[in-house]
Amino acid sequence: QQQVKQSPQSLIVQKGGIPIINCAYENTAFDYFPWYQQFPGKGPALLIAIRPDVSEKKEGRFTISFNKSAKQFSLHIMDSQPGDSATYFCAAHSNGFSGGYNKLIFGAGTRLAVHP
Amino acid sequence: DTEVTQTPKHLVMGMTNKKSLKCEQHMGHRAMYWYKQKAKKPPELMFVYSYEKLSINESVPSRFSPECPNSSLLNLHLHALQPEDSALYLCASRRGRGANVLTFGAGSRLTVL
């Protein structure tokens, strides 16, 4: 119930392509869904986030699509660039269930490589 | 200042050593976190401090001892670690109640020999 399932594990696209990373969750108590980007040797950095009452959010070249009934959400990167090569983690925020308080539960991560 | 600063960036220690990791933020955030991240894995939550009190301990072995001396500082004391404890240790902070965004530091890369 506390898991967030992320796919694919790795992804290779050509420059200008549109990589799509998918996540699914079970617990309807999750109230916030961020995506983090992590470069090697660095900590994760918040990329974009969405609340479950919104179906889509765009920030620059990054778009989250959210399907509340299917309990799925995805990240699309438009016009991908080699500098987008990183590991992407979806996450779900829980607030107070299972004895937790403001816990962020991460998906397994997707290693994206954008080739020139 | 919108950073979480972690020191040291790299640490090598033997199994009998005692060392500490330090985390500092000056954003006025009232919740601070320790995560452990192994290679090619997501961060795993270890501890959460909320308003300087330990609110979550994810059944972490006692060889890891967290400390929150004040609202800006978070330490992780290490003693008698095992080689399998080698990982990237990430500190994060959050503004407080009602806020969901975590800001992460760059991490401390720990190697236990």
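Preceding this paragraph is the structure being described.
Cut-offs used in this document
- Residues numbered from 1 in each chain as written.
- Chains lettered and ligands numbered in written order.
- Predicted model: local features only at pLDDT ≥ 70, side-chain atom pairs only at ≥ 80, totals over all residues.
- Heavy atoms only, no water.
- Contact = heavy atoms within 4.5 Å.
- Buried area = accessible area lost by both parts, 1.4 Å probe.
- Salt bridge = Lys/Arg side-chain N within 4 Å of Asp/Glu carboxyl O.
- Polar contact = N/O pair within 3.5 Å; in protein donor to acceptor, adjacent residues only side chain to side chain.
- Helix = DSSP H or I, 4+ residues; strand = E, 2+ residues; numbered from the N terminus.
- Nonpolar A, V, L, I, M, F, W, Y, C, P; charged D, E, K, R; others polar.
- Disulfide = S-S within 2.5 Å.
- Pairing = 2+ DSSP bridges.
- Phe/Tyr/Trp six-rings, centres within 6.5 Å; stacked < 30°, edge-to-face > 60°.
- Core = buried A, V, L, I, M, F, W, Y, C linked by side-chain atoms within 4.5 Å.
- Buried < 20%, exposed > 50% of the residue type's maximum accessible area, 1.4 Å probe, protein only.
- Axes fitted to C-alpha atoms, helices over the stretch in contact; angles between N-to-C directions.

A.B. asks: I tried to follow the interface of chain A and chain B on my own but got confused; where do I start?
C.D. replies: Accessible area lost on assembly of the parts is the figure often given for the size of an interface. Opposite the 20 residues of chain A that make contact, chain B presents 22 residues. With both sides pooled, the region where chain A packs onto chain B buries about 1700 Å², and carbon together with sulfur makes up 56% of that total. The interface formed by chain A and chain B holds one salt bridge in total. A salt bridge links Glu 58 of chain B to Lys 103 of chain A; the shortest N-O distance between them is 3.2 Å. Along the contact surface separating chain A from chain B lie three residue pairs in polar contact (both at pLDDT 80 or more). Sorting the residues of the side of chain A that touches chain B by element identifies β4 (33–38), β9 (86–94) and β10 (103–106) of chain A as the ones contributing at least two each. Here the side of chain A that touches chain B takes three residues from β10 of chain A, the largest share from any one element. When grouped by side-chain class, the residues that make up the side of chain A that touches chain B number nine nonpolar, seven polar and four charged.

A.B. asks: Any chance you could explain the state of the cysteines here in plain terms?
C.D. replies: Here, disulfide denotes a covalent bond that connects the sulfur atoms of two cysteines. All names here are of chain A. On inspection of all chains with the given rule, the structure shows two disulfides over all chains. Disulfide pairing is shown between Cys 23 and Cys 90; the S-S distance is 1.9 Å. Judged by the sign of its S-S torsion, about -100°, the cystine formed by Cys 23 and Cys 90 is left-handed. Note that Cys 23 is positioned in strand β3 (residues 20–25) and Cys 90 in strand β9, a separation of 67 residues in sequence.

A.B. asks: I keep staring at the pairing of strand β7 (residues 64–70) of chain B and nothing clicks. Help me out?
C.D. replies: In summary, the side chains of a regular strand alternate between the two faces of the sheet. All names here are of chain B. One ladder, built from five bridges, connects β7 with strand β8 (residues 73–79); its direction is antiparallel. From the neighbouring strand, Glu 67 faces β8, where its bridge partner is Asn 75. Hairpin connection, β7 to β8: the antiparallel pair is bridged by two residues.

A.B. asks: Hey, could you run me through unusual backbone geometry in this one?
C.D. replies: Glycine aside, the phi torsion of most residues is negative, and most peptide linkages are trans. Geometrically, the link from Ser 7 of chain A to Pro 8 of chain A is a cis peptide bond, its omega value of -5° lying close to zero. Structurally, Pro 8 of chain A can be placed in the loop between β1 (4–7) and β2 (10–14). Cis geometry marks the peptide bond from Thr 7 of chain B to Pro 8 of chain B; its omega dihedral reads -10°. By secondary structure assignment, the location of Pro 8 of chain B is in the loop between β1 (4–7) and β2 (10–13).

A.B. asks: Where do I start with the packing of aromatic side chains in this structure?
C.D. replies: Working definition: an aromatic ring pair is given by the centre-to-centre distance plus the angle between the planes. Within this structure, the stated rule accounts for 17 aromatic pairs over all chains. Cluster of aromatic residues (ring-pair linked, three or more members): Tyr 25, Phe 30, Phe 33, Trp 35, Phe 66 and Phe 73 of chain A.

A.B. asks: Sorry, what's going on with the nonpolar core here?
C.D. replies: General note: in soluble globular proteins, nonpolar side chains tend to be found buried as a group. All names here are of chain A. Counting 25 residues, the largest nonpolar core has Val 4, Phe 33, Trp 35, Phe 73, Leu 75 and Tyr 88 as its most contacted members. Elements supplying a minimum of two residues to this core: β2, β3, β4, β5 (45–50), β7 (62–67), β8 (72–77), β9 and β11 (110–115). The leading source of residues in this core is β9, at four residues.

A.B. asks: Which parts of the structure should I look at to understand the side chain of Lys 103 of chain A?
C.D. replies: Looking at the element boundaries, Lys 103 of chain A is found in strand β10. One polar contact links Lys 103 of chain A to Glu 58 of chain B, side chain to side chain, over a distance of 3.2 Å.

A.B. asks: I would appreciate a short explanation of the sheet that holds β3 of chain A in the present structure.
C.D. replies: Strand pairing in a sheet is mediated by backbone hydrogen bonds. Such pairs are either parallel or antiparallel. Residues and elements named next belong to chain A. Ordered by their spatial adjacency, five strands build an open sheet running β1-β3-β8-β7-β6, and the pairing between neighbours is antiparallel. Both outer strands of the open sheet, β1 and β6 (56–59), are each paired with one neighbouring strand and no more. Each neighbouring strand pair of the sheet contributes to a mean axis angle of 15°, computed without reference to strand direction. With four bridges connecting them, β1 and β3 associate as antiparallel partners. When the bridges of β3 are listed, Gln 6 appears paired with Cys 23.

Functional significance is not addressed by these values, which are geometric in nature.
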